[in-house]
Amino acid sequence: SESCVVLPVAPASGPFSSAYSYLDESTFTSFVDAAFISGRLAIAKDHSVYFSDEGRPASFISQNIIAVSSDSPITAIEAIADNLMIFTENETYLYQPSVGRMVNNGRLNKLSDHTGCLGPGAINKSDNTLLWCDMNGVYISRGGAEIKKVSDAIHTFFDDRVSNPLTSRSE
């Protein structure tokens with residue numbers, strides 16, 4: 001059998017505390033999702049994504065944050081090809097982090113204003129392909145930049161007329 005060790009992580013000061021202020025536990029009272037990207041932990045909360053120091057998942061420089069100007073709060077995040085996909089309930093963004101100690105100076109691109117993600121449990125990743133669901137269907141992205149809907153054959157499952165796709169029929 002496989003054994004896993006899961007340990008709670010409390011935010012702590014990092015190696016650059018003489019030059020930067022670090023976030024503490026009060027900032028992370030709750031968060032929506034987390035992803036591991038390029039040796040860093042990324043945590044999503046409300047309309048922001050926080051990035052830890054490289055190799056130190058508990059150390060978050062207070063300025064190493066990106067704000068996402070979305071209509072709704074972030075519902076999920078996932079790393080793909082050294083980039084970060086950021087989802088709201090009906091928007092998708094691709095964040096390309098900058099290189100160096102501070103990754104918050106990267107490029108944030110809105111990929112869709114009508115495709116989002118239901119939540120962290122609605123994403124699956126294999127190799128360099130993401131598969132996720134929103135209220136309108138199932139989508140994939142390979143490498144992050146292009147979104148393709150793959151659920152057209154089962155579109156009635158996402159139609160408002162279907163109350164339970166396992167027992168109901170669409171007319």
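Residues numbered from 1 in each chain as written. Predicted model: local features only at pLDDT ≥ 70, side-chain atom pairs only at ≥ 80, totals over all residues. Heavy atoms only, no water.

For the protein, the helix and strand inventory stands at zero helices and twelve strands. Helices (α) and strands (β) of the protein occur, in sequence order from the N terminus, as β-β-β-β-β-β-β-β-β-β-β-β. The buried share of the protein, reckoned over its 171 residues, is 40%. Expressed as a percentage of contacts within the protein between residues at least 6 apart in sequence, the contacts between residues at least 24 apart total 40%. Accessible surface, the protein as shown: approximately 9,900 Å² in total, 48% of it carbon and sulfur. (Helix = DSSP H or I, 4+ residues; strand = E, 2+ residues; numbered from the N terminus. Buried < 20%, exposed > 50% of the residue type's maximum accessible area, 1.4 Å probe, protein only. Contact = heavy atoms within 4.5 Å. Areas by Shrake-Rupley, 256 points an atom, 1.4 Å probe, with all protein chains shown as cover.)

What follows is about the pairing of strand 11 (residues 137-142). Taken across its six residues, strand 11 has five buried, putting it largely inside the fold. Pairing of strand 10 (residues 129-134) with strand 11 involves six bridges; the strand directions are antiparallel. Bridge pairing in strand 11 places Asp134 opposite Gly137. Hairpin connection between strand 10 and strand 11: a loop of two residues separates the two successive antiparallel strands. Here two bridges tie strand 11 to strand 12 (residues 148-149), and the two strands are oriented antiparallel to one another. By the bridge assignment, Tyr139 is partnered in strand 12 with Lys149. Once strand 11 ends, the chain turns through five residues before running back antiparallel as strand 12, passing Gly143 with a positive phi of about 85 degrees. (Pairing = 2+ DSSP bridges.)

So, about the pattern of salt bridges. The full count for this structure, using the stated rule, is two salt bridges. The salt bridge involving Lys125 is made with Glu78; its shortest N-O contact spans 3.6 Å. One end of the pair, Lys125, is in strand 9 (residues 123-126); the other, Glu78, is in strand 5 (residues 76-80), with 47 residues separating them in the sequence. (Salt bridge = Lys/Arg side-chain N within 4 Å of Asp/Glu carboxyl O.)

What follows deals with the pairing of strand 5. Across the five residues that make up strand 5, a large majority, five, are buried. Residues Ala76, Glu78 and Ile80 line one face of strand 5 and the alternating positions Ile77 and Ala79 line the opposite face, and both faces are buried. Hairpin connection of strand 5 to strand 6 (residues 83-87): two residues between the antiparallel strands, including Ala81 at a positive phi of 50 degrees.

A separate point is the nonpolar core. Counting residues in each nonpolar core, the largest one holds 16 residues, and the members touching the most others are Val49, Phe51, Ile77, Leu84 and Ile86. Breaking this core down by element, the ones donating at least two residues are strand 1 (33-37), strand 2 (40-45), strand 3 (48-51), strand 5, strand 6 and strand 7 (92-96). Not counting chain neighbours up to four residues away, the residues in contact with Ile86 comprise Val49, Ile66, Val68, Ile74, Ala76, Ile77, Glu91, Thr92, Tyr93, Tyr95 and Leu108. If you look at the next biggest cluster of nonpolar residues, it comprises eleven residues, including Met85, Phe87, Leu94 and Tyr139. (Core = buried A, V, L, I, M, F, W, Y, C linked by side-chain atoms within 4.5 Å.)

This structure, assessed with the given rule, holds three aromatic pairs. Here the aromatic cluster, defined as three or more aromatic residues joined through ring pairs, consists of Phe87, Trp132 and Tyr139. Over the ring of Phe16 we find Arg101; its NZ or CZ atom is 3.8 Å from the centre of that ring. (Phe/Tyr/Trp six-rings, centres within 6.5 Å; stacked < 30°, edge-to-face > 60°. Lys NZ or Arg CZ within 6 Å of the ring centre and 35° of its normal.)

So, on to the sheet that holds strand 6. Strand order across the open sheet formed by four strands is 5-6-7-8, with antiparallel pairing between neighbours. Every other strand in the sheet has two partners, leaving strand 5 and strand 8 (107-112) as the edge strands with one partner each. Going across the sheet, the axis of each strand differs from the next one's by a mean of 25 degrees, ignoring polarity. Alignment of strand 5 against strand 6, held across five bridges, turns out to be antiparallel. Looking at strand 6, one finds that Ala76 is bridged to Phe87. (Axes fitted to C-alpha atoms, helices over the stretch in contact; angles between N-to-C directions.)

For the rest of this paragraph, the subject is the environment of Ile61. Among the structural elements, Ile61 can be located in the loop between strand 3 and strand 4 (65-67). Sequence separation between Ile61 and Ala12 is 49 residues; the distance between their C-alpha atoms is 9.6 Å. Contact partners of Ile61, with chain neighbours within four places excluded, come to Phe16, Tyr20, Ser21, Tyr22, Phe51, Asp53, Arg101 and Met102.

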